[in-house]
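Structure assessment
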Amino acid sequence: MSLLEPLEIWNQINSNDKSSPEDLEGFTSVLKGQVGTMDKSDIIQAVMEKEYQISPEAVELIKSSNSPESLLKYVLSTVNNSVIVIGAENIDIESFAAYERASKPIYSENKINPGFDSLIGKLSSDEMQTTSLKAMEFLSEPSTLSPKSDEFSLEPDIPVSVPCQTTKEPHQNPVPDSISVPETTYQQAPETQPGDDSSEEILDSYLSSGSLSSLRAVPESVFSSPSSLAGERSSSSFIGNENSLLSSPSNKISRTDPFSSIAGRGSSSSSRDEEYIHFPGINPVTVISDISGHSTCIGEYTQFVQYFRDRYSRLSEIIRSRVNARPMESLKKRSFRRGGGEWGSEEISIIGMVSDISSTTNGHKVLSLEDPTGSFSVLIRNTDKELFELASKILLDEVIGVTGSVTNDGNLMMAAKIIQPDVPNNVQRRTGSHGKIVLISDVHVGSSQFLEDAWLDFLDFLKGKSDSEVMRELAASIRYLVVAGDLVDGIGIYPDQEKELDILDVYDQYRKAAEYFREIPEHIRVIISPGNHDAVRQAEPQPALPERIQADFPSNVIFVGNPALLDLDGVRILIYHGRSIDDLVASIPGVSYQEPAGAVLEMVKRRHLAPTYGSRVSISPEKMDYFVIDPVPDIIHTGHVHTLGVQRYKNVLLVNSGTWQGQTEFQKRVNLMPVPARVPIVDLADFTYKILTFE
């Protein structure tokens with residue numbers, strides 16, 4: 001029913017001289033129906049779009065009010081930025097009532113229907129505001145949603161804006177320089193023959209095509225800040241021209257620091273080489289890279305430039321160690337013709353970020369690459385099967401090198417070789433450590449599908465209470481336990497989630513999880529990183545869990561962000577919850593949820609945990625790109641997709657560690673079968689592994 005219908009009804013009542021009091025009461029009830037009654041899912045989704053969670057008590061309090069939509073708007077506009085989960089204590093009804101009285105709409109005399117104003121005057125002040133409710137909704141600033149793929153995602157995916165609220169006054173020390181990968185042997189690709197008959201045909205096809213069929217829609221701006229990037233996005237505007245001047249972004253931040261207690265438990269130094277946070281002891285931990293306490297993002301355009309420049313410079317340096325690349329601007333300023341034909345015979349290399357992927361009318365691929373000097377188009381022929389297959393897996397925003405021949409006018413390169421950053425063949429595995437590390441993720445405490453019996457069996461194993469002597473010896477050798485996100489199921493992560501929860505308060509979920517973790521022997525060092533179900537911002541990189549939650553856990557638990565690079569007594573492990581796996585499954589042929597380690601392998605080849613910007617993973621543009629895989633770790637540990645996968649690639653062990661949650665209703669609808677209660681245990685001396693089953 002539209003808001004115009006009550007007026008039409010009143011016109012009918014007003015024109016009827018025999019209108020009864022019942023007619024008036026009926027109209028009043030109709031108008032009350034326009035209050036815009038919200039159900040629980042509406043409230044939860046509105047809260048999620050603002051990057052908060054909400055407790056069931058708060059949902060009921062809003063839903064039961066006379067004006068739930070206005071109350072919700074008021075709460076979201078006044079809630080303290082330090083709040084992650086909106087509870088009943090965050091809803092000030094008295095302040096809201098005062099606000100409503102102060103903003104009470106003034107109705108002018110209705111010349112056509114004079115009785116209408118008198119009727120409105122009979123309604124309570126709580127009811128009066130409802131007539132302007134929809135107008136207020138359209139006049140209020142719309143929330144900007146991050147672009148969302150229509151492809152299938154493992155979890156219900158509510159689109160959210162990318163906030164820059166972070167968790168501490170940003171670290172003032174300079175961002176550490178990247179560590180270059182050892183130089184490897186680069187073999188020059190065979191030269192393209194200048195007289196190749198197919199070259200002219202391909203070039204003619206490319207040049208005669210008035211428009212290329214782009215494979216990607218231009219993403220929207222993901223910030224609602226007035227200074228945010230708007231309209232079309234090209235990565236050249238992110239990387240920027242080398243002559244452009246960048247103003248340093250403000251260090252303004254807004255959420256309290258969850259990492260302060262971590263710094264208190266560990267030790268740190270101010271020198272660049274010793275900025276890492278150290279946790280000494282028999283099972284030492286050093287945090288090498290972690291966003292917690294270091295975020296500087298406020299959503300300004302210049303920060304996008306800084307973010308993409310950092311990504312480009314670090315990944316291009318890795319590629320440059322294997323190829324002597326030229327700046328793209330130089331390609332347009334000279335002729336490469338040294339022989340006959342349309343293509344120059346000189347073979348050159350360039351490095352750039354992929355800003356567009358298109359196809360010609362004849363089915364060839366065209367990649368648009370950009371560096372700080374400009375952009376350049378690269379043609380990949382469909383007749384070169386191996387190269388074309390590799391090009392079919394190239395993602396937007398990844399950094400690649402290309403070797404090939406350039407047209408005489410310097411406008412197009414025909415690719416002969418594509419170089420991804422990848423892990424070098426001669427990467428050295430660190431040795432000399434001892435003991436075992438246990439890798440788990442997606443515990444989902446609080447869910448009705450949480451497999452508590454299997455979890456308790458796992459805790460008994462850690463405590464050495466197994467019947468088998470072999471299992472007791474194995475438990476005694478465990479030094480570390482790493483949780484890669486989604487420790488709890490959370491609140492308000494998706495509509496109707498409360499129907500699948502045994503614990504309805506998110507803090508109670510964490511308190512229950514803390515009870516479980518207090519049963520783990522004290523000599524085992526526990527590291528917990530958050531995921532998209534945890535009570536931190538959804539935008540990645542995510543900071544560590546807040547102090548309010550940390551306080552319930554025992555002292556042998558260390559909290560880090562997502563992603564986080566750690567050194568565990570000489571072994572480097574990169575922890576990432578793995579939400580970008582959804583993007584990789586949707587974008588790369590052959591990558592599937594059933595073999596999640598294959599998705600992690602694609603990350604390694606690109607040396608980046610979330611190559612495509614602006615898809616399912618909301619990424620906060622920081623000064624430093626925390627998703628670049630540099631240096632190369634010994635172990636990469638992911639989760640998120642609830643399936644188990646282990647793979648070794650060039651001396652790097654890739655582990656996706658499954659879940660402790662049974663099949664949910666959503667997973668049933670999409671025919672997804674999780675692999676729960678499987679525990680990978682890795683030997684720190686030689687990186688061999690075992691998988692234990694607790695069912």
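Some points on the packing of aromatic side chains
Within a pair of aromatic rings, the relevant descriptors are the distance that separates the centres and the angle that separates the planes. Tallied over the entire structure, the rule returns 18 aromatic pairs. A ring pair is formed by Phe-553 and Phe-559, whose centres lie 5.3 Å apart and whose planes are at 80°; its orientation type is edge-to-face. By relative accessible area, Phe-559 is classed as buried at 1%. On the basis of an interplanar angle of 40° and a centroid distance of 6.4 Å, the ring pair of Trp-660 and Phe-694 is categorised as tilted. A residue pair is termed long-range when its members are at least 10 positions apart, and Trp-660 in the loop between strand S18 (652-657) and helix H22 (665-669) and Phe-694 in the segment after strand S20 (689-693) qualify at 34 residues. The burial state of Trp-660 is the same as that of Phe-694; both residues are buried. An aromatic cluster is built from Phe-450, Trp-455, Phe-458, Phe-461, Tyr-516, Phe-517, Phe-553, Phe-559, Trp-660 and Phe-694, whose rings are joined through pairwise contacts. Above the ring of Tyr-507, the side-chain terminus of Arg-548 is found at 3.5 Å from the ring centroid.

A word on the pairing of strand S7 (residues 374-380)
Regular strands place side chains that alternate from one sheet face to the opposite one. The element S7 is extensively covered by neighbouring structure, given that 5 of its 7 residues are classed as buried. Summarising the sheet, strand S6 (residues 365-371) and S7 pair through 7 bridges and their orientation is antiparallel. Bridge assignment links Val-366 to a residue of S7, and that residue is Leu-379. Taken together, the 3 bridges between S7 and strand S9 (residues 412-419) define a ladder with parallel strand orientation. Its bridge partner being in S9, Ser-377 is matched across the sheet by Leu-412.

Cut-offs and rules
Residues numbered from 1 in each chain as written. Predicted model: local features only at pLDDT ≥ 70, side-chain atom pairs only at ≥ 80, totals over all residues. Heavy atoms only, no water. Phe/Tyr/Trp six-rings, centres within 6.5 Å; stacked < 30°, edge-to-face > 60°. Buried < 20%, exposed > 50% of the residue type's maximum accessible area, 1.4 Å probe, protein only. Helix = DSSP H or I, 4+ residues; strand = E, 2+ residues; numbered from the N terminus. Lys NZ or Arg CZ within 6 Å of the ring centre and 35° of its normal. Pairing = 2+ DSSP bridges.

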